[in-house]
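Listed here are the chains, written in short residue letters.
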Amino acid sequence: MTSSPAPAHETPADEAEGRAVQDRLRERVILDEVGPEPGTGLVTGVDVAYDEEKDVVVAAAVVLDAATLETVEEATAVGRIVFPYVPGLLAFREIPTVLEALAELSVDPGLVVCDGYGVAHPRRFGLASHLGVLTDLPVIGVGKNPFTFTYEAPGPRRGDSSPLLDGDEVVGRALRTRESTSPVFVSVGHRISLDNACAHTLRLAGRYRQPESTRRADALCRRVLREATA
């Protein structure tokens, strides 16, 4: 499937405009592609860290070799917080700086993994979907909590999963990446299937509950934030 050119990022003036932007861009989310094969190519984790008092946001992008999980490249960007904290609209705070960090990379990011949500969102357009539409990259969201959704606890073994539900609608999966730890919550962002998103998450989460991609991006953006606000 050939997608149309990616739209430019918009910073809304208020909450109502932000919801309208999400509703409009949601129509561009591609949900009928399988996505890259796990363990091939590159995988890029992105994450952000804030200092609300100093009005600073830092984004990090860490590129891994999907087969070895070795770090290939890192990039960061430092910006200002341009949108207030509003649940469900957090992408507008994060995406401008994330896009800057991705633009600093000298390699194609491949699959992008966000610490957040894709279609597991009240308007089915979380950070992973928003970033996917703006970049036209395959993107998944891997969250640490179920947001506003419900789920049955998956089995105790690595790889066990259960549906993440909004009423009767499946919006993602609770996925056990390590035994004796809480699950993570995987949702499709753009240009990848849910089965494949979970397979990538399992390959990326070996020693820790979270995928190595976003775990390293989290550590990097926190370090750069400390340096930027020292």
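Residues numbered from 1 in each chain as written. Predicted model: local features only at pLDDT ≥ 70, side-chain atom pairs only at ≥ 80, totals over all residues. Heavy atoms only, no water.

**Q** Break down the overall build of the protein for me, with residues and values.
**A** Helix and strand content of the protein: 5 helices and 8 strands. If you list the helices and strands of the protein from N to C, you get α-β-β-β-α-β-α-β-β-β-β-α-α. Its C-alpha radius of gyration of 16 Å places the protein within 12% of the 17 Å reference for a compact globule of 230 residues. Taken over the C-alpha atoms alone, the protein extends approximately 45 × 35 × 35 Å along its principal axes. (Helix = DSSP H or I, 4+ residues; strand = E, 2+ residues; numbered from the N terminus. Rg over C-alpha atoms; globule rule 2.2 N^0.38 Å.)

**Q** Describe in detail the nonpolar core, supporting the description with residues and values.
**A** Counting 32 residues, the largest nonpolar core has Val46, Val98, Leu102, Val112, Cys114 and Leu131 as the members making the most contacts within it. Listing elements by their share of this core, those giving two or more residues are α1 (15-26), β1 (42-51), β2 (56-65), β3 (71-80), α2 (91-103), β4 (111-114) and α3 (127-135). Residue contributions to this core peak at 6 residues, all from α2. In terms of nonpolar packing, the next biggest core, distinct from the first, is built from 28 residues, Val62, Ile140, Val184 and Val224 among them. (Core = buried A, V, L, I, M, F, W, Y, C linked by side-chain atoms within 4.5 Å. Buried < 20%, exposed > 50% of the residue type's maximum accessible area, 1.4 Å probe, protein only.)

**Q** Can you lay out the side chain of Glu94 for me, pointing to particular residues and giving the numbers?
**A** Along the chain, the position of Glu94 falls in helix α2. No salt bridge is formed by the buried Glu94; the nearest opposite charge belongs to Arg93, separated by 6.1 Å. If we skip the residues at most four places from it in the chain, Glu94 touches Val48, Tyr50 and Leu127. (Lys, Arg positive; Asp, Glu negative; His and termini not counted. Salt bridge = Lys/Arg side-chain N within 4 Å of Asp/Glu carboxyl O. Contact = heavy atoms within 4.5 Å.)

**Q** Report on the pattern of salt bridges, specifying residues and quantitative values.
**A** Using the criterion set out here, one finds 15 salt bridges in the structure. Of the charged contacts in the structure, one is a salt bridge between Glu169 and Arg124, with a shortest N-O distance of 2.9 Å. Separated by 45 residues along the polypeptide, Glu169 in strand β7 (residues 169-175) and Arg124 in the loop between β4 and α3 bring together distant segments of the chain. Look at Arg124 and you get buried, because its relative accessible area is 17%. Overlapping salt bridges bring together Glu33, Asp136 and Arg191 as one network.

**Q** Please give an account of the environment of Glu52 that cites residues and values.
**A** Tracing the backbone through its elements, the reader meets Glu52 in the loop between β1 and β2. By relative accessible area, Glu52 is classed as partly exposed at 49%. Spatially, the C-alpha atom of Glu52 lies 31 Å from that of Val107, the residues being 55 residues apart in sequence. For Glu52, the contacting residues outside a window of four places in its chain are Ile81 and Arg93. Engagement of the side chain of Glu52 in a polar contact is seen with the side chain of Arg93, the distance being 2.3 Å. (Polar contact = N/O pair within 3.5 Å; in protein donor to acceptor, adjacent residues only side chain to side chain.)

**Q** Before we move on, could you go through α3 and cite the residues and values that matter?
**A** Every α-helix winds through 3.6 residues per turn, so residues three or four apart in the chain are directed the same way. Across the 9 residues of α3, 8 count as buried, placing the element largely inside the fold. When α3 is considered as a whole, its buried residues turn out to be Leu127, Ala128, Ser129, His130, Leu131, Gly132, Val133 and Leu134. Backbone geometry just after α3 places Asp136 at a positive phi near 60°.

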